[in-house]
Amino acid sequence: MLDSSLTADVPLGPFEGTPVTVHSAKGKNAKLHAATTCTQLRTRDVTTTEAPLNADTIGRMCSRCAQWGAWARPETGLGIFLRALGGVGLLYQLQSHTAPDPDDCWEQNEVQAAAALLRTDPVEPAVAAGDDGEDDDEEQDEEYWKARDEAKRLGDSVLSTWRSAATSLHLAQAAVPLFPWLAQWAEPKLTAKHQHLEALRAQAVLFVAPEGLMAAAAAAAMADPELPSEEEAFSAIGTSKEVGTQLKALWHEWHDKARRGWEGPSARTYLAYGPTHGIRPNRKDYARARAAVDELVASWENQAREAAASAEPTAMQWVTVRLPEVKEDTTPPWRERGFLRDLDDWMTGVLITYLADADWAGRTLTLRVPRLIADRLLSRSHHLDCQAHQDRPTPTKPTPSKSPIRPGIFDDTPVRGRQPLTADHLRLLCSMRAAAKDELYIVFSTEGGAEVLPLPVIERRLAGGWQCFLLAGASDLPAAVIEPWAREVGPRPDDREGLWPQRVRSPDGPLFGEDLGLAQGATRAAWLVHDERDAERNLRLLAMARGVRDLRTLDGGYDDHGRSRTPPHPVWLGLLAHAEDLDLEPFEAADADRWRSGGSSIPLGVLADVQVYTTNADPRVQGKGHSPFCAHSRERGVVAQDDLLTVADLLDNDDFDWCSKCWGYAVRRLTDTQLSYYRAAHRLHDIAQSLDPSRGGHDRLDTETITRQLHELADWRPDGEDHWYTSGARGWRRIVQELQAKAEAVGRDTP
């Protein structure tokens, strides 16, 4: 591993002198560390202070912390800058692939010899030499194939190293323009990398056969042939239908192999064994069937070679190739990495052989290719963006970013001094992996004011010309606010009963309806985690999301790997409650059927606008509505395509088609005021049922207790409010008065 530690010669630009927190042992010349957990800090008496980021501070940094240490919060401008430099970032890339690696251990003469051997068709060397000794024949055969295998491994190593060097140059050239103050300092290092890449390409091109590339391009253009499935020579394979199936499979396999590389026909001779596989060699007509298959494959090979040979050799075309964007690399460490690794051998050979100019920073390569190859590049038969040009395109050079990272973009300056956020800023924030894909941010714009949005939504809006300022991320929330909340929630219980407490059924219970409240939502977000270290992070995300007006705006879509970019599932459970926890019977109209309990027509009041989310609320659309937590909706939380209703909508309509397992929807968790009203309404409904003459049992009623409870409910007010002049306040008082009159009447009639 190269030592790519931050050194004093690296220009710091606008971040020069920015205070950073350092840790050290006592002593004037003690090494500075980014964290007290650094293994090089071998003392218990640690001094923590702030120091300006400059050459003196960098000179005292521990070498490990100078490369991997987090000297600033990763979501700040300085954090992103240092993260781009450290680890396997810019400093590492500028040192790698600048000269031949001693560990590769290959010389130019070895490369030339290996390439020359592979450019010839494989033969039996002993037979070709006419040696009469069988032992000598076998020994010569073994040596020949061993040499050929070694040559193939060397060729693969050269090609792989060229791809790695190209990826490294791209990463370095793309990073420097983001920090313009690094351009002059990095120029000599980038020049060395470019020269080494060209030297590698000169070696790699020796292993590529241009005539093979032409033949592969011709093979790719071949249409499906007429297959001779009725010929008698193939009768050993089976019936004509079976022969047709086998030959069709053979054609597709040959066509796929022939268009992917530059090898000669001998590299695909094994394909002819497919149709006759499983037939005994001593069977009658086996030899004739094998010969017919060999002849058929040879005819395809000849057709491709003849088409390539007939192409006009001087007809050349300028083509620019746009390489795929570098994505998050999830490749296992034992496999080759980089943005060229997914190209097939043919495309790799074309790039190496016909490269004229390269803008590695912009991932755009200029090629001068034969017309036949140009036709294939422009045929849309692959995923690369290719364009033809009449004249040689003017090469482009990396230009400094119009919106470089500097103080004031993120939360490293006062809000009044913030700079507008751009797509480049956000892209760099994500590429540095400084922010999780499900991170939420508070942003401010003149159109929407302050909003809480996920990164993908911010990215889409910026692409449309939207302007905003970044105020804070979930990780920016003060610990003084989050930590007391986390202590209030408490640690996760060890037993399932503590994790999922039994529901309280009686409206008079102090915990009745708790499953609908915000407090229960916080416990769900903090407790339902695989790693306890995620508990505080979930609470931060929950705190951000609680103020969102429409939870559908938290849908970030999907990333390049098909993963949903949305808050974690426990956070959704902190925002929404299950439909089965919500009992709306008190608010329903009284039922004329004496055998049904019916409602009490209590006004919804503060519950009317409580949000309800479902997958399908339109009765005209076929299909049941499901909760965002239902298995039928993949338990993926709320997405942009979901329907938003209110509790009032649920009572006003009775034609919803809900899922019988999830009850069809999830409800936004109730605030303390809403939960208090919900409990009071259930208490009032419970009293109304007990006073219902159709139910009987008046002789067992404690009218004094009921009268006292009704007096308390008559004076009920939302928590923290002196009045509640809502649309349902008059209806509430009317129902209480009617029940008080009933209670008095029952009291008079009861001996």
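For the structure, see preceding data.
Here we summarise the structure given alongside this text. (Residues numbered from 1 in each chain as written. Predicted model: local features only at pLDDT ≥ 70, side-chain atom pairs only at ≥ 80, totals over all residues. Heavy atoms only, no water.)

## Things to note about the packing of helix α9 (residues 210-220) against helix α12 (residues 345-354)
Their axes nearest at 10 Å, the elements α9 and α12 cross at an angle of 135 degrees. When the axis of α9 is compared with that of α12, the two are oblique. The interaxial crossing formed by α9 with α12 has left-handed handedness. The residues of α12 that touch α9, namely those facing Pro210, Leu213, Ala216 and Ala217, are Trp346, Gly349, Val350, Thr353 and Tyr354. The residue makeup of the contact of α9 with α12, split by class, is 7 nonpolar, 2 polar and no charged. (Axes fitted to C-alpha atoms, helices over the stretch in contact; angles between N-to-C directions. Helix = DSSP H or I, 4+ residues; strand = E, 2+ residues; numbered from the N terminus. Parallel < 35°, antiparallel > 145°, perpendicular 65-115°, else oblique. Left-handed = near helix turned anticlockwise from the far one by under 90°. Contact = heavy atoms within 4.5 Å. Nonpolar A, V, L, I, M, F, W, Y, C, P; charged D, E, K, R; others polar.)

## Some details on helix α8 (residues 183-204)
Spacing of three or four residues puts side chains on the same side of an α-helix, whose turn is 3.6 residues. Under the 1.5 Å per step criterion, the end-to-end length of α8 is 30 Å for 22 residues, consistent within 8% with the ideal 32 Å. Within α8, the axis deviates most sharply at Lys189, by approximately 25 degrees. Turning to α8, its buried residues are Trp185, Ala186, Leu190, Lys193, His196, Leu197, Leu200, Arg201, Gln203 and Ala204. (Expected span 1.5 Å × (residues − 1). Bend = angle between axes of the 7 residues up to and from the residue. Buried < 20%, exposed > 50% of the residue type's maximum accessible area, 1.4 Å probe, protein only.)

## Quick look at the sheet that holds strand β11 (residues 611-614)
The strand order across the open sheet formed by 4 strands is β10-β13-β11-β12, and the pairing between neighbours is antiparallel. The outermost strands of the open sheet, each flanked by one partner alone, are β10 (576-578) and β12 (643-646). In this sheet, adjacent strand axes meet at a mean angle of 35 degrees when their direction is disregarded. Relative to strand β13 (residues 666-668), β10 is paired through 3 bridges, and the arrangement is antiparallel. For Leu576, the partnering residue across the bridge sits in β13 and is Arg668. (Pairing = 2+ DSSP bridges.)

## Observations concerning the sheet that holds strand β6 (residues 385-389)
One open sheet accounts for 4 strands, arranged β4-β5-β3-β6; its pairing is antiparallel. In this open sheet, the two edge strands, each paired with only one partner strand, are β4 (355-359) and β6. Recorded for the sheet is a direction-independent mean angle of 25 degrees between the axes of neighbouring strands. Relative to β6, strand β3 (residues 316-322) runs antiparallel, the two being bridged by 5 bridges. Across the sheet, residue Thr320 finds its bridge partner in β6, namely Gln387.

## Considerations on the environment of Ala70
Within the fold, Ala70 resides in the loop between α2 (63-68) and α3 (77-85). Separated by 35 residues in the primary sequence, Ala70 and Ala35 have C-alpha atoms spaced 7.7 Å apart.

## As for the nonpolar core
Core analysis: the biggest nonpolar cluster contains 103 residues, and Ile373 and Leu377 have the highest contact counts within it. For this core, the element with the most residues is helix α7 (residues 134-175), which contributes 10 residues. Setting aside residues up to four positions removed in sequence, Ile373 forms contacts with Leu213, Met214, Ala217, Trp346, Val350 and Tyr354. (Core = buried A, V, L, I, M, F, W, Y, C linked by side-chain atoms within 4.5 Å.)

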